[in-house]
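Reading the structure
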Amino acid sequence: MFHLKSGLRSHRLQYTTISNKFGRNTSCSDLFGKCIRTTNITRAQSTATVATTTTTKGGSTVTPTNHNNANTITKGRSESPSIKRSTALTLVGLSLGLGYAAGSLQSSSSTTNDNKNNNNQQRPVLPSGLPRNCCSCDAPSPPPLITLTPEQQELPNLLSKLVGKENVISGLIEDSSNSKFLKGARLGRGKALAIVQPESLVDAVKALELIVNADCVVIPQGQNTGLTGGSVPREEKENGSPRPTIILNMKKLDTMFPIDDGEKVVCLAGSGIATLATNLQEWGFDDRESHSTLGSTFLNPTTAAGVAFGSGGTQLRKGSAYTDRALYAKVYENKWGRRVVQVVNTLGIEGIEDSDFVNNSGTALEQLDIYAKDVKTGYRRPMAQSSKSVFGRAKASDRDYPERVCECKNDVRGRSVSRFNADTRGEDCNRSEGKVLILATVHDTFPKPIEKKSFWISFQDFDTAQKFRKHVCLDNPKDLPLSVEYMDRDSFDVIDNAGRIMGNLIRMVGIGPFVGVLWDLKLKISSLPFDGADVFCDRVLYWLNNMTPSILPSKIMEMGKKMDHHIAISVGEFGEGEMTRFLERMAQFQQENKKKVVIHECKSHSEEMSLTAFRFVAAAAFRTWCVGNNVQGFSVDYAMPKNSDVTPSLGDLPAFGDANQLPLPLKRMRYSHFGCNVFHEDLAFDLNVDVHAVHSSLKRSVSACGGRLPAEHGHGTEYEAPKETQKRWMKMDPLNVMNPGIGGLSVKYKYAS
């Protein structure tokens, strides 16, 4: 049953005209009508059914049958690139075709010899090339034989009646209509009894109730850009048969709107971070920006996923994604043994507090649905405000992060890390990794700098770079740079040797929808049914790389080749002398370290974009480099202590059995969000190296240095969480029906061993 009050609050607030923050009288339809871009969606109906083969007393054994015929076409507005999309796609297609032909001729003579020598070798591990990630995905497994109870057999039909047949598809056999829900961006793959996409908050909660009452497990999902396997089904079995999985995909709940005169935003669970960044400008808040402005924004991951994983990023002054103001659902068992879906409301918005609904006058869940529908359909509404309650005063971002990140002395605080995924602070929605169902969140927006300058700084050695981080960047919380991105010599070389095409595209058109279109095209080509499809594009990109110009200006390229450690840094002025003080400290540091540091100031927006593009394509370039050189690789992310300047070793000899020495990487790319001391490593090895052993050994080495992993991408099924974090998740989800198996937890009901 729902732990909710019944009834519907059907009244609407009266239409009003307000004055926006720029003094212009604006009807609320002007503000809210742009909150969500109108999309025209054509859907073909699909069904989610199973064919019964035998019936037993406890249920029926079924063989899955594929009935998916859904093809969804979404058409909406996007930013206009500086070059025509059709022209670019044509050029890309021609380049791919010519490059692959040349690459095939070039590699044909070596393929035969490679096959003879490597017939018995296992398939090499390759990174996927998504921003800051690694590894290969496993191949699709055969359709499983699943034992379903009568309630589970009926569940897809009940869900179809609730949310509409067009919003429920089968996930029992992977095909082109459901692969994006079943396969992880980096690792993880499985089957689902059904994939459900609710279009209202009430339907999402009702669907959750149906699912748990049918004894199925739930995997909450957004854009499915997770890197550690925690947002897709898995094939673990319980007593010989898995509990059926239902994916509850929240992407259609994508309404967002500003509150508190644009100082905060409310985002339903499917709201994309790229869309939010764009909408802030369209709503008229040109002097504000959202939390995420770089990184994987072109993939448009959801704000809810950012909170659920504690995602970090390049923005040093903002910290990781965090909010104590949310609407979320959790599942527990009452004293009569009945499963209850409880909706927790800490949004702190006037008119949507639980205390606003008495005597069966509705619920906060229903009222937010009404509000969101009004926004999406263009009804005029007065801008909502935060309430005066404890929830309305709660944090909507990690406000204390600037103070914490600057604590890098040789003391207890300095020996701690700035941010990591196992952090147990805050409301249950934070770093919950699917153990609760996030429905909506409130987030702070941030003032834009009045003025900004960007620099490329090269250092002779890592110690000097670390001194710059501690004494110049982290001198005090007030003067923190906007971003500080580090990369070593291997990173510089790999990006230049394999990332020029993607980097130059980003330099010209920015990190936006157009890059997303090209990325989707690359993924589609990689999934085509011919041998070598998965590496087709990377071979072409590698072959054509040196035919394109360098991403960086010639001056910076010279610095990159002379020195081994580099920082791309941006500083901002917010009206209180922050930039002036920072530049004074930087000038003094340069004077004291003349022979060890070289500083280049970007003189144009084009130069600034070249720095952004160069850093952004690191992970994609690493995959292309591995494919082009016929080697394998893996990636890892971790946080080092704030006062640490240590580089973790690759591990100890016992991890490699009888080996006389540690396998040396062909390339060891280390690049980081330097202010936070959060590192990403991409390591390439020969095909005969057991990269999984090296990976495990490196993890142990990081922990021995006081580091914590993972730092940004969540535990998923790849990392085992600390006991304290596991206990927190078990308290959130005592029945283990929400995303079971993450962080090393049991996959069984109530965490049975």
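Check the entry above for the structure.
What comes next concerns the included structure.

A short note on the overall build of the protein
Along the protein, the regular secondary structure elements total 20 helices and 26 strands. Taking all 753 residues of the protein together, the buried fraction comes to 56%. In the protein, once contacts between residues fewer than 6 apart in sequence are set aside, the share between residues at least 24 apart is 78%. Approximately 31,500 Å² of the protein is accessible, and the part contributed by carbon and sulfur atoms is 51%.

Remarks on helix H14 (residues 533-544)
Residues spaced three or four apart along an α-helix point in a common direction, a consequence of the helix completing one turn every 3.6 residues. The end-to-end C-alpha distance of H14, which contains 12 residues, comes to 17 Å, matching closely the 16 Å that a straight helix rising 1.5 Å per residue would cover. When H14 is considered as a whole, its buried residues turn out to be Ala533, Val535, Phe536, Cys537, Asp538, Val540 and Leu544.

A few points about the packing of helix H5 (residues 201-213) against helix H8 (residues 364-377)
At a closest axis distance of 8 Å, the pairing of H5 and H8 adopts a crossing angle of 140 degrees. In terms of orientation, H5 lies oblique with respect to H8. Note on element contacts: H8 touches H5 through Leu365, Glu366, Leu368 and Asp369, opposite Leu201, Val202 and Val205. Of the residues belonging to the contact of H5 with H8, the class tally is 5 nonpolar, no polar and 2 charged.

Let's talk about the sheet that holds strand S9 (residues 168-171)
By definition, the strands of a sheet pair up through backbone hydrogen bonds, in either a parallel or an antiparallel sense. The strand order across the open sheet built from 4 strands is S9-S10-S12-S11, with neighbouring strands paired in mixed fashion. Of all strands in the sheet, those with a lone pairing partner are S9 and strand S11 (217-221), marking the two edges. Taking the axes of each pair of neighbouring strands and ignoring which way they run, one obtains an average angle of 25 degrees across the sheet. Sheet strands in contact with H5 are S11 and strand S12 (245-249), and its direction is about 175 degrees off that of S12.

Description of the pattern of salt bridges
With the rule as written, the count across this model stands at 30 salt bridges. Residue Arg585 pairs with Asp475 through a salt bridge whose shortest N-O separation is 3.7 Å. Note that Arg585 is positioned in helix H16 (residues 578-592) and Asp475 in the loop between helix H10 (462-473) and strand S21 (483-488), a separation of 110 residues in sequence. The class of Arg585 is buried, set by a relative accessible area of 15%. As a salt-bridge pair, Arg581 and Asp479 come within 2.7 Å of each other at their nearest N and O atoms. Placement of the pair is Arg581 in helix H16 and Asp479 in the loop between H10 and S21, with a sequence separation of 102 residues. Among the residues examined, Asp479 registers a relative accessible area of 3% and is labelled buried.

Considerations on the packing of helix H12 (residues 500-509) against helix H17 (residues 605-616)
Where H12 meets H17, the axes come as close as 8 Å, and the angle between the chain directions of the two elements is 140 degrees. With respect to each other, H12 and H17 are oriented oblique. Here the hand of the crossing between H12 and H17 comes out right-handed. Residues Met502, Gly503, Ile506 and Arg507 of H12 touch H17, and the partners they reach there are Ser606, Met609, Ser610, Ala613 and Phe616.

Some thoughts on the environment of Asn504
As for its placement among the helices and strands, Asn504 is situated in helix H12. Note: C-alpha distance between Asn504 and Ser550 (46 residues apart in sequence) is 7.9 Å. Filtering out sequence-adjacent residues up to four positions away, Asn504 remains in contact with Thr548, Pro549, Ser550 and Ile551. Separated by 2.9 Å, the side chains of Asn504 and Arg507 make a polar contact.

Observations concerning the pairing of strand S26 (residues 678-685)
The side chains of a regular strand alternate, first on one face of the sheet and then on the other. Most of S26 sits inside the fold, with 8 of its 8 residues counted as buried. Side-chain alternation along S26 places Val678, His680, Asp682 and Ala684 on one buried face and Phe679, Glu681, Leu683 and Phe685 on a second face that is also buried. Here 8 bridges tie strand S24 (residues 632-639) to S26, and the two strands are oriented antiparallel to one another. Across the sheet, the residue bridging to Asp637 is His680, located in S26. Of the strand pairs in this sheet, strand S25 (residues 667-673) and S26 are connected by 7 bridges, and their pairing is antiparallel. If you follow Arg668 over to S26, its bridge partner there is Leu683.

Conventions we followed
Residues numbered from 1 in each chain as written. Predicted model: local features only at pLDDT ≥ 70, side-chain atom pairs only at ≥ 80, totals over all residues. Heavy atoms only, no water. Helix = DSSP H or I, 4+ residues; strand = E, 2+ residues; numbered from the N terminus. Buried < 20%, exposed > 50% of the residue type's maximum accessible area, 1.4 Å probe, protein only. Contact = heavy atoms within 4.5 Å. Areas by Shrake-Rupley, 256 points an atom, 1.4 Å probe, with all protein chains shown as cover. Expected span 1.5 Å × (residues − 1). Axes fitted to C-alpha atoms, helices over the stretch in contact; angles between N-to-C directions. Parallel < 35°, antiparallel > 145°, perpendicular 65-115°, else oblique. Nonpolar A, V, L, I, M, F, W, Y, C, P; charged D, E, K, R; others polar. Pairing = 2+ DSSP bridges. Salt bridge = Lys/Arg side-chain N within 4 Å of Asp/Glu carboxyl O. Left-handed = near helix turned anticlockwise from the far one by under 90°. Polar contact = N/O pair within 3.5 Å; in protein donor to acceptor, adjacent residues only side chain to side chain.

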